[in-house]
Amino acid sequence: MIKRLFAITFILCLTNTSQLFAQQAFESGEWFKFRIHYGMFNASYATLEVDEAVINNTPVYHIKGRGKSTGLLGLFFKVDDDYQTYIDKRTGKPYKFIRNINEGGYTKDLVIDFDHNNNKAHVLNRKNREKKSYSVPNNVHDMLSSFYYIRNQINGDKLKPGDEMRVNMFIDDENLDFKLVFLGREVIKTKFGKVATLKFRPYVLAGRVFKEKESLTFWISDDNNKIPVKIEADLAVGSLDADLEAYKGLKHQFSIIMN
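Quick caveat, the model's predicted, so the values are computed rather than measured.

One pass over the structure, following the stated rule, counts 16 salt bridges. For the salt bridge of Arg151 with Glu30, the shortest nitrogen-to-oxygen distance reads 2.8 Å. Here Glu30 lies in the loop between helix H1 (5–8) and strand E1 (31–38) and Arg151 lies in helix H3 (residues 145–151), a separation of 121 residues in the sequence. Overall, the relative accessible area of 3% leaves Arg151 in the buried class. Its salt-bridge partner being Asp172, residue Lys108 comes within 3.6 Å of it at the nearest N-O pair. With Lys108 in strand E6 (residues 106–115) and Asp172 in the loop between strand E9 (164–171) and strand E10 (174–190), the pair connects residues that are 64 residues apart, well separated along the chain. As far as burial versus exposure is concerned, Lys108 and Asp172 are alike and both buried. Overlapping salt bridges bring together Arg35, Lys191 and Glu245 as one network.

The phi dihedral of Asn57 falls on the positive side, at around 65 degrees, and the residue is not glycine. By secondary structure assignment, the location of Asn57 is in the loop between strand E2 (41–55) and strand E3 (58–69). A relative accessible area of 76% places Asn57 in the exposed class. The phi angle at Asn119 is positive, at roughly 50 degrees, despite the residue not being glycine. Take Asn119: it is sitting in the loop between E6 and strand E7 (120–125). Judged by its relative accessible area of 25%, Asn119 falls in the partly exposed class.

Under the criterion given, the structure shown has 12 aromatic pairs. Centre to centre, the rings of Phe26 and Tyr148 are 5.1 Å apart; their planes meet at 75 degrees, and the pair counts as edge-to-face. On the criterion of sequence distance, the pair formed by Phe26 in the loop between H1 and E1 and Tyr148 in helix H3 is long-range, its members being 122 residues apart. For the residue pair Phe26 and Tyr148, the accessibility class agrees, reading buried in each case. Both rings, one in Phe147 and one in Tyr148, keep their centres 4.6 Å apart while their planes meet at 80 degrees; by these two values the pair is edge-to-face. We classify Tyr148 as buried; its relative accessible area is 0%. Positioned above the aromatic ring of Trp31 is the side chain of Lys248, whose terminal nitrogen or guanidinium carbon lies 5.3 Å from the ring centre.

Here we take up the side chain of Arg151. There is a polar contact of 3.3 Å between the side chain of Arg151 and the backbone oxygen of Lys226. Sequence-distant contacts of Arg151, that is, excluding residues within four places in its chain, are made with Ala25, Phe26, Glu30, Phe32, Asn225 and Lys226.

This next bit is on the pairing of E7. Because side chains alternate across E7, one face comprises the buried residues Ala121, Val123 and Asn125, and the other comprises Lys120, His122 and Leu124, none of which is buried. As judged from the 6 bridges shared by E6 and E7, these two strands associate in the antiparallel manner. The partner of Ile112 across the bridge, within E7, is Val123. Joining the antiparallel neighbours E6 and E7 is a turn of 4 residues, in which Asn119 adopts a positive phi near 50 degrees. Here E7 pairs with strand E8 (residues 130–135) via 6 bridges, running antiparallel. Along E8, the bridge assignment pairs Ala121 with Tyr134. Where E7 folds back onto E8 in an antiparallel hairpin, the turn is made up of 4 residues, including Arg129, whose phi is positive at roughly 55 degrees.

The rules behind each value
- Residues numbered from 1 in each chain as written.
- Predicted model: local features only at pLDDT ≥ 70, side-chain atom pairs only at ≥ 80, totals over all residues.
- Heavy atoms only, no water.
- Salt bridge = Lys/Arg side-chain N within 4 Å of Asp/Glu carboxyl O.
- Helix = DSSP H or I, 4+ residues; strand = E, 2+ residues; numbered from the N terminus.
- Buried < 20%, exposed > 50% of the residue type's maximum accessible area, 1.4 Å probe, protein only.
- Phe/Tyr/Trp six-rings, centres within 6.5 Å; stacked < 30°, edge-to-face > 60°.
- Lys NZ or Arg CZ within 6 Å of the ring centre and 35° of its normal.
- Polar contact = N/O pair within 3.5 Å; in protein donor to acceptor, adjacent residues only side chain to side chain.
- Contact = heavy atoms within 4.5 Å.
- Pairing = 2+ DSSP bridges.

Okay, structure coming up:
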């Protein structure tokens, strides 16, 4: 039941795609740390980091997401997750996605190479040395590249409660069409102070992980950074909360309400 919880952290922000990538919200050197609670447990810490790299002579952003279980939960349910994506600096599209996870003995070790010219995803399963190719739609994203794409596309000034957005996403071996609904604006308390946020709800699959299709809610800062500051999820068993714990290397000043 818990084996997919820590992937949730990286499926926070999902929206429709376009051909251009504004690249205004982040830059190389940005780093986030999140504290994740599962019920009464301080279950995990997750980090997200932006670096630079080169793939096929093309400069890209290399984004790394790590998650590890801690405390009492780590004694009987070990989590060690490694997510990486390489995205085009101009379009935001992913070239390569890596998912190497160990969640309570449930493991995956996948490398996905995206061929956007031919609408293909080439998946290498490094556990069994098996390689398969899948057809994907235009402007497809992986679970990590979508997180960074949305931050550069949301225009908070134009959003109205009830607005719906979608994203084409390829995860492991299947294409998924996610719908995201804007719920409104809200000022929330964080360890850094009060923060004006934009509140969203992605519609998720009910059943094995989530109680209902409306069980996941997240808040991002209503400033130029569009930082995810809080996540709440009602699960089939228990609940999951994630909060921003630390940050550095922001491209813009983090807007905090001081009074």
